[in-house]
Amino acid sequence: MHNDLKDFVVPGSEEEDLLRQIDFSRLPQHLAIIMDGNGRWAKERNLPRVEGHRTGSKSVREVVETSARLGIKYLTLYAFSIENWKRPRKEVNFLWKLLEEYLRNEDKVLVENDLKLLTIGRKNRIPRSVTRQLDRVKDLTKDNKRMSVILAVNYGGRAEIVDAVKRICRGNASVVENLTEEIFSSYLDTAEVPDPDLLIRTSGELRISNFLLWQIAYAEMWITGLYWPEFRKKHLFQALIDFQKRERRFGDINAHPENRSVRATGST
Ligand code: FPP
């Protein structure tokens, strides 16, 4: 077990057992998460929906810390979708307040742990106070190297693609003429970030919900029935162990060189 993980799990616990099963040479480089089920978690406990979001932010802290300690390089979290504007005003305001609070409180943690904050999503409509915090923490952490935490805020996969097409069309005709998948990727919000290898979704829904539509073309999916506020490091360990059992072929008939030794589980 490497240094960052010593004292991180209780000796003899289920977590420790799971951690030992992870092959650190074959971690996903980029993990993306759809954090779903905050509202249902609260409803089942007769709490207001916003309490689900509040408790969900504790899961965010745990997943950020765990991912960094494991050695994952990019972690993308779906914090606020363009569609989330349809929710009651009170809930929308609460979500923005929570994000602002997170940024105010977690800036030190990000700095001390060498984590870089990035965002994807449309810049318009985000409350000014949130934009200020996002810009402040992004600037504060811009030279950090250990892991990038990418918050998808006011994000929609289709909107991102439309925005990229608009930028491309504003260029000269040769840009369109010579367009390749690689060049197209460089016009997306995620230009600096490799595609996700693993996509986790909580609350059991079997859909993508307009998240990273272009980027997840070959991501492995891990879906759990747990609600996001219940998600803990042991669940992340389970997802990683499962990910490492998959054979990623990227359309080829053979496994990708990095996981050729792994038994096939039927993925294409
Ligand atoms: C989905 O649950 C979750 C969201 C719309 C927002 C995610 C936000 C957080 C986890 C809070 C804090 C985030 C950060 C980055 C500090 P839902 O409300 O759709 O749940 P439901 O499907 O059960 O109604």
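Look up: the structure comes first, before these words.
So, a few notes on the structure that sits alongside this text. (Residues numbered from 1 in each chain as written. Predicted model: local features only at pLDDT ≥ 70, side-chain atom pairs only at ≥ 80, totals over all residues. Heavy atoms only, no water.)

### As for the site of the ligand
1) Next: The full set close to the ligand counts 18 residues, and Met 35, Gly 39, Arg 40, Arg 49 and Arg 87 are the nearest of them.
2) Next: Gly 37 is positioned with one of its backbone polar atoms (N or O) 3.3 Å from an oxygen atom of the ligand.
3) Next: Within the complex, the protein chains bury 92% of what would otherwise be the 620 Å² of accessible surface of the ligand.
4) Next: Going through the elements one at a time, helix H2 (38-44), helix H3 (49-70) and helix H4 (89-112) are the ones with two or more residues in the shell around the ligand.
5) Next: In terms of residue count, H3 provides more of the shell around the ligand than any other element does, four residues in total.
6) Next: Along the lines of polarity and charge, the residues of the shell around the ligand split into eight nonpolar, six polar and four charged. (Near = heavy atom within 4 Å. Polar contact = N/O pair within 3.5 Å; in protein donor to acceptor, adjacent residues only side chain to side chain. Areas by Shrake-Rupley, 256 points an atom, 1.4 Å probe, with all protein chains shown as cover. Helix = DSSP H or I, 4+ residues; strand = E, 2+ residues; numbered from the N terminus. Nonpolar A, V, L, I, M, F, W, Y, C, P; charged D, E, K, R; others polar.)

### Some details on the nonpolar core
1) Next: Among the nonpolar cores identified, the biggest contains 47 residues, and Ile 33, Val 64, Leu 70 and Ile 200 are the most heavily contacted of them.
2) Next: Counting residues in hydrophobic clusters, the runner-up holds 14 residues, among them Ala 32, Tyr 74, Val 193 and Ala 219. (Core = buried A, V, L, I, M, F, W, Y, C linked by side-chain atoms within 4.5 Å. Buried < 20%, exposed > 50% of the residue type's maximum accessible area, 1.4 Å probe, protein only.)

### Looking at unusual backbone geometry
1) Next: The residue Ser 203 is not glycine, and still its phi comes out positive at about 80°.
2) Next: Summarising the element assignment, Ser 203 is placed in the loop between strand S5 (198-201) and strand S6 (220-223).
3) Next: Take Ser 203: its relative accessible area is 8%, and that puts it in the buried class.
4) Next: Backbone geometry places Asn 210, a non-glycine residue, at a positive phi of 65°.
5) Next: Inspection of the secondary structure puts Asn 210 in the loop between S5 and S6.
6) Next: Asn 210 gets classed as buried once you look at its relative accessible area, which sits at 16%.

### Topic: the environment of Ala 191
1) Next: Tracing the chain through its elements places Ala 191 in the loop between helix H8 (181-185) and S5.
2) Next: Aside from chain neighbours lying at most four places away, what touches Ala 191 is Ser 185 and Ser 186. (Contact = heavy atoms within 4.5 Å.)

### Remarks on the pairing of strand S2 (residues 74-81)
1) Next: The buried count for S2 comes to seven of eight residues, which makes it a mostly enclosed element.
2) Next: Sheet analysis places strand S1 (residues 30-34) next to S2, joined by four bridges and oriented parallel. Residue Ala 32 lies in a different strand from S2, and its bridge partner there is Thr 76.
3) Next: In this sheet, strand S4 (residues 147-155) lies alongside S2 in parallel orientation, the contact comprising seven bridges. Within the sheet, the bridge partner assigned to Leu 75 lies in S4 and is Val 149. (Pairing = 2+ DSSP bridges.)

### As for the pairing of S4
1) Next: Across the nine residues that make up S4, a large majority, nine, are buried.
2) Next: The sheet contact formed by strand S3 (residues 115-120) and S4 spans six bridges and is parallel. Of the residues in S4, the one forming a bridge with Leu 118 is Ile 150.

### Overview of the packing of H3 against H4
1) Next: At their nearest, the axes of H3 and H4 sit 10 Å apart, and the two run at 30° to each other. One element, H3, and the other, H4, form an angle in the roughly parallel class. The hand of the H3/H4 crossing is right-handed. Here H3 contributes Arg 49, Val 50, His 53, Arg 54, Ser 57, Val 60, Arg 61 and Val 64 to the contact with H4, which in turn contributes Glu 91, Phe 94, Leu 95, Leu 98, Tyr 102 and Glu 106.
2) Next: Among the residues making up the contact of H3 with H4, the classes are represented as seven nonpolar, two polar and five charged. (Axes fitted to C-alpha atoms, helices over the stretch in contact; angles between N-to-C directions. Parallel < 35°, antiparallel > 145°, perpendicular 65-115°, else oblique. Left-handed = near helix turned anticlockwise from the far one by under 90°.)

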